[in-house]
Each structure stands twice: as structure tokens, then as C-alpha cells.
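# Structural description and commentary
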Amino acid sequence: MAKAVRFDHYGDIDVLYVADVEIPKADPGEVVVQVKAAGTNPGEASIRKGFLDARAPATFPSGQGSDLAGVVYEVGQGVTTWSVGDEVLGWSWRRSSQAEYVAVPADQLIAKPPALSWPVAGSLYVVGVTAYAAVRAVGAGPGDTVVVSAAAGGVGSVVVQLLKVKGSRVVGIASEAHHAWLTSVGVIPVSYGNGLAERLKDAADGKIDAFIDLFGPEYLHLAVEFGVPRERIETIISFEAAQELGTKAEGSGDATSTDVLAEMAALVASGRIVVPIAATYPLDQVREAYTELEQRHTRGKIVLVP
């Protein structure tokens, strides 16, 4: 038997529990991974609360999680790319990664670079491909000034560094507690709250070429007010506002591929991008992990370590 996170109905954090389940078997084309780390993400909290039921309903009892890293435990028929003992990272689309063992299609995994710790590798998929999609959506490059909201969060901390890799000048909106870290990675920090518009204008020297929203619709409206071209305004969260305003709303689904994940993993392994780990929790403390995550004040990733 093995342990896995479950919930039987939509609700708050208290619906989460850890169950004893059978170790999954590898069907043809699959491998079973013994999970060493599985990241947590705000989208998973939205699924658990039923907020995404119209687009992506849960089937109960439901597992949870997409990010994963671990060691290949079993190889299914027809799989030639992996062997038992290989260290891998990747994703599951079955809401199943927050578990001791998970079966995944072999083509949803890449080799874990030795330089990546398990917590970093196990939390890279969602933030990595989402950041890639957001930066690509606004066409950021050398000479651009790009504003990013929630710039020190799980996705934001990767977005701002990827923008720097692309040669852009980055202004990051975040609480003062995170300003020192943003400055350390070459980002101009700006506090949110009253007077934000004027602070952004000053920090950007009056020139904002693109805007990436990682927090809420108010930032899309602000970007439009600044006169940023709508094709260079992107959100990963404010879908209704994006549709209303005619801005972009590209996310992980638009950039999910092993090629993109491998590119992001290489940037992290080389040190050009750092994935901050805010905290790690054992699997049986999944409620504590999501309590911290849903406060939305954490810099970097919160990771479950089975």
C-alpha cells in the first residue's frame, strides 16, 4: 500500500486527507514514479473548492496535484525511454501527483538534471511552463520594460527571471518584504496599494511596453489605462477581464511540452533562474501546506515531500 492525497467533495482545506491506496500499475506507454517531491499550486485549491467545476469537474474521490519528480519504479509495456531507477521530473494530468507513487505517460517526463534538488524539480512544471507561456505571450525582449504583478510568488518569481534572461527591464509589484529578493535578481521592486500607478510610472520612467498580471483583474484595467497595447497585456488568472478587454490569457496549457520543460529545467540547472522554495511539508501535512499557500504571501514554492 501507499499514501495519496484525496478529497471526496468540494470544500475548504479540511476536505483534504491522506488515504492508503494500492500502488498503481504501469499500463502500456506508462511508467510508475516513486515521488520524491510534488509542488502545490493555487489552481489546485481552486479545483478543490469547485471554482473550476464548469470547465474541469472533479470525479470523486479525487486525487490532487500535477507537478512531480522522483525515481522510475516500474516501466510499462512499450516504454523504451526510461528504466527503473531513472531520476525524472514532469507532470500528471490526472490530479494524482501528490502521492507516494504515481503512474504517468512516459512522454510526460524528462530526465532530472543532477543540479536540481528534489523540491525544485518536483515543483518546476506548472511554474516553468506557465512563466514560459506568459513571457512568450507579450513578446518580451531586449529593451522592453515589462511590469509584473505578484512578482515574488510561485509563478512570478520565475516570470521576472525569465524576462531578465530575455533582456527585458522588469518592474515587479510585490510587498516590501520581497523587495530585497527582487532587487537581487535584477528587478525594480514597487509596493502595491494606494499610489501604485504613480510609483509604476516613476519606476518605469514613464515607458511600459508590456504587462503580465499574476494576481487579479485590477491589474489588467491598470495596464489598459497606461496605454499598453492589448496584445502585450497577459494574465494567467483574470480570464473574464481578459475576454472583456481583449487582452491575452495564456497559461500552462499553451506551453506544456517536454521541450519547454527541458528548456526551463536547463535554465534552472545552470543557475540563470532560481526557483525559491518557501517551505516543504510531508505528505500527511497537506492541509498545513495549502493553508500557507492560500495566504498568497509566500515567495516561491511550497512543496510536498512524500
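Here, the structure is the one placed above.
Described below are features of the structure shown in this document.

Scoring rules and cut-offs
Residues numbered from 1 in each chain as written. Predicted model: local features only at pLDDT ≥ 70, side-chain atom pairs only at ≥ 80, totals over all residues. Heavy atoms only, no water. Phe/Tyr/Trp six-rings, centres within 6.5 Å; stacked < 30°, edge-to-face > 60°. Helix = DSSP H or I, 4+ residues; strand = E, 2+ residues; numbered from the N terminus. Buried < 20%, exposed > 50% of the residue type's maximum accessible area, 1.4 Å probe, protein only. Pairing = 2+ DSSP bridges.

### Regarding the packing of aromatic side chains
The tally for this structure, following the rule as stated, stands at 7 aromatic pairs. Taking 5.0 Å as the distance between ring centres and 15 degrees as the angle between the ring planes, the aromatic pair formed by Trp91 and Tyr125 counts as stacked. Placement of Trp91 in strand 5 (residues 87-91) and of Tyr125 in helix 3 (residues 124-137) is noted, with a sequence separation of 34 residues between them. Looking at Trp91, the relative accessible area reads 3%, which means it is buried. Residue classification places Tyr125 among the buried positions, given a relative accessible area of 3%. Of the aromatic side chains, those joined through ring pairs into one cluster are Phe7, Tyr10 and Phe60.

### Quick word on the pairing of strand 4 (residues 67-75)
The sheet contact formed by strand 3 (residues 30-39) and strand 4 spans 6 bridges and is antiparallel. When the bridges of strand 4 are listed, Gln34 appears paired with Val71. Bridging between strand 4 and strand 5 involves 5 bridges; their strand directions are antiparallel. Following the sheet pairing, Leu68 is matched in strand 5 by Gly90.

### Considering unusual backbone geometry
Of note, the bond from Phe60 into Pro61 is cis; its omega dihedral lies within 30 degrees of zero at -5 degrees. The topology assignment puts Pro61 in the loop between helix 1 (42-49) and strand 4. Backbone geometry places Arg95, a non-glycine residue, at a positive phi of 55 degrees. Secondary-structure assignment places Arg95 in the loop between strand 5 and strand 6 (101-105). Despite not being glycine, Ala150 has its phi angle at roughly 50 degrees, a positive value. Note on placement: Ala150 falls in the loop between strand 8 (145-148) and helix 4 (156-165).

Function-wise, these values are silent; they only describe arrangement.
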